[in-house]
Amino acid sequence: SLNNPVTIDNCVFAHNCPTSTNTSCAIYGTGISSGTVITNNIFYDNDRPILISFYYSLDASNTFHNPANVAEINRRNGIFIITCTWLLSTTMNITETEVPTVFDICGGTVVAGGTLNVGPNVVIKLLRGIYLYNTNTNKINFGSNCLFTSFKDDAHLGDTNGDGRATSPADGDWDGIKNTSSNTWQTANAKYGSH
């Protein structure tokens, strides 16, 4: 559990909590502090590999499979953002493309002064009730070919909810992205939202 600045670099996290848990069994932070570094690590055969609250920019240097066996991944392979009130007032960069970033939150809002940068080919999966805003003061910048989709969408970067084929994505699985900016705004690809 990380709540103070720490550097985690070139570590292996494997064989932790192979069944579903409410928290991560590898790296978990209820509010990862500024200055924390999580780079060049390997995660496999865990339940959820990384669970973070609030906002934290995680680069694309981590690996989410066993380098000796690419089929050996994590049960719910993704980076999970867990909080009930997500108010982004600084800048958050999402650049990981091997696994999706999952917004497992009550509601997502980019507030005044906040910027959410979504890199090229990034997949973001969202649960029911989650929405994002883009306004004149709250910015969401989209890289090419990024995708916002349902948590149940196994077709894009795998079975992130870890239930096999028990569930399928459907329209309305998450609320959507609202744009009230007066500027020209090009959205990312979006699937299964209600708006």
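Further up the page is the structure itself.
Residues numbered from 1 in each chain as written. Predicted model: local features only at pLDDT ≥ 70, side-chain atom pairs only at ≥ 80, totals over all residues. Heavy atoms only, no water.

**Some thoughts on the nonpolar core**
In this structure, Ile50, Phe103, Leu116, Ile124, Leu126 and Phe148 are the most contacted members of the largest nonpolar core, which totals 29 residues. Those elements that place two or more of their residues in this core are strand 6 (50-52), strand 7 (79-83), strand 9 (91-94), strand 12 (115-118), strand 13 (123-126) and strand 15 (139-142). When residues no more than four places from it in sequence are discounted, the contact partners of Leu126 are Phe103, Leu132, Phe148, Thr149, Ser150, Phe151, Asp173 and Trp174. (Core = buried A, V, L, I, M, F, W, Y, C linked by side-chain atoms within 4.5 Å. Buried < 20%, exposed > 50% of the residue type's maximum accessible area, 1.4 Å probe, protein only. Helix = DSSP H or I, 4+ residues; strand = E, 2+ residues; numbered from the N terminus. Contact = heavy atoms within 4.5 Å.)

**Concerning the environment of Ala60**
Of note, Ala60 is situated in the loop between strand 6 and strand 7. For Ala60, a relative accessible area of 43% puts it in the partly exposed group. Measuring from C-alpha to C-alpha, the distance between Ala60 and Thr97 comes to 7.0 Å, with 37 residues separating the pair along the chain. Residues in contact with Ala60, not counting those within four places in the same chain, are Thr95 and Glu96.

**Observations concerning the packing of aromatic side chains**
Within the structure shown, the criterion is met by five aromatic pairs. Aromatic ring contacts, followed pair by pair, group Phe13, Phe43 and Phe64 into a single cluster. Positioned above the aromatic ring of Phe80 is the side chain of Arg48, whose terminal nitrogen or guanidinium carbon lies 4.9 Å from the ring centre. (Phe/Tyr/Trp six-rings, centres within 6.5 Å; stacked < 30°, edge-to-face > 60°. Lys NZ or Arg CZ within 6 Å of the ring centre and 35° of its normal.)

**Overview of the pairing of strand 16 (residues 147-150)**
Note that strand 13 and strand 16 share four bridges and pair parallel. Note on strand 16: the bridge partner recorded for Lys125 is Thr149. Where strand 16 and strand 18 (residues 189-190) come together, two bridges link them in parallel fashion. The residue of strand 18 that forms the bridge with Leu147 is Asn189. (Pairing = 2+ DSSP bridges.)

**Overview of the pattern of salt bridges**
This structure, assessed with the given rule, holds two salt bridges. The residue Asp47 makes a salt bridge to Arg75 at a minimum N-O spacing of 3.5 Å. With Asp47 in the loop between strand 5 (42-44) and strand 6 and Arg75 in the loop between strand 6 and strand 7, this residue pair connects regions lying 28 residues apart in the sequence. Taking relative accessible area as the criterion, Asp47 reaches 0% and is therefore assigned buried. By relative accessible area, which is 34% here, Arg75 ends up partly exposed. The partner of Asp47 in a salt bridge is Arg76, with the nearest N and O atoms 2.6 Å apart. Of the two residues, Asp47 is situated in the loop between strand 5 and strand 6 and Arg76 in the loop between strand 6 and strand 7; the sequence distance between them amounts to 29 residues. Comparing Asp47 with Arg76, the two get one shared label, buried. Through salt bridges that share partners, Asp47, Arg75 and Arg76 make up one connected network. (Salt bridge = Lys/Arg side-chain N within 4 Å of Asp/Glu carboxyl O.)

**Quick notes on the sheet that holds strand 12**
Consider a sheet: its strands pair through backbone hydrogen bonds, and that pairing is either parallel or antiparallel. Within the open sheet, the three strands sit side by side as 9-12-15. Their pairing is parallel. A strand with exactly one partner marks an edge of an open sheet, and here the two such strands are strand 9 and strand 15. The sheet shows a mean angle of 10° between the axes of neighbouring strands, taken without regard to direction. Strand direction decides the pairing type here: strand 12 and strand 15, joined by four bridges, are parallel. Paired with Thr115 across the bridge in strand 15 is Lys139. (Axes fitted to C-alpha atoms, helices over the stretch in contact; angles between N-to-C directions.)

**Digging into unusual backbone geometry**
Despite not being glycine, Asn10 has its phi angle at roughly 60°, a positive value. Secondary-structure assignment places Asn10 in the loop between strand 1 (7-9) and strand 2 (12-14). Under the relative-accessibility criterion, Asn10 is labelled exposed at 58%. Positioned with a positive phi, Leu157 is a non-glycine residue whose angle comes to about 60°. Within the secondary structure layout, Leu157 lies in the loop between strand 16 and strand 17 (176-179). Look at Leu157 and you get partly exposed, because its relative accessible area is 34%.

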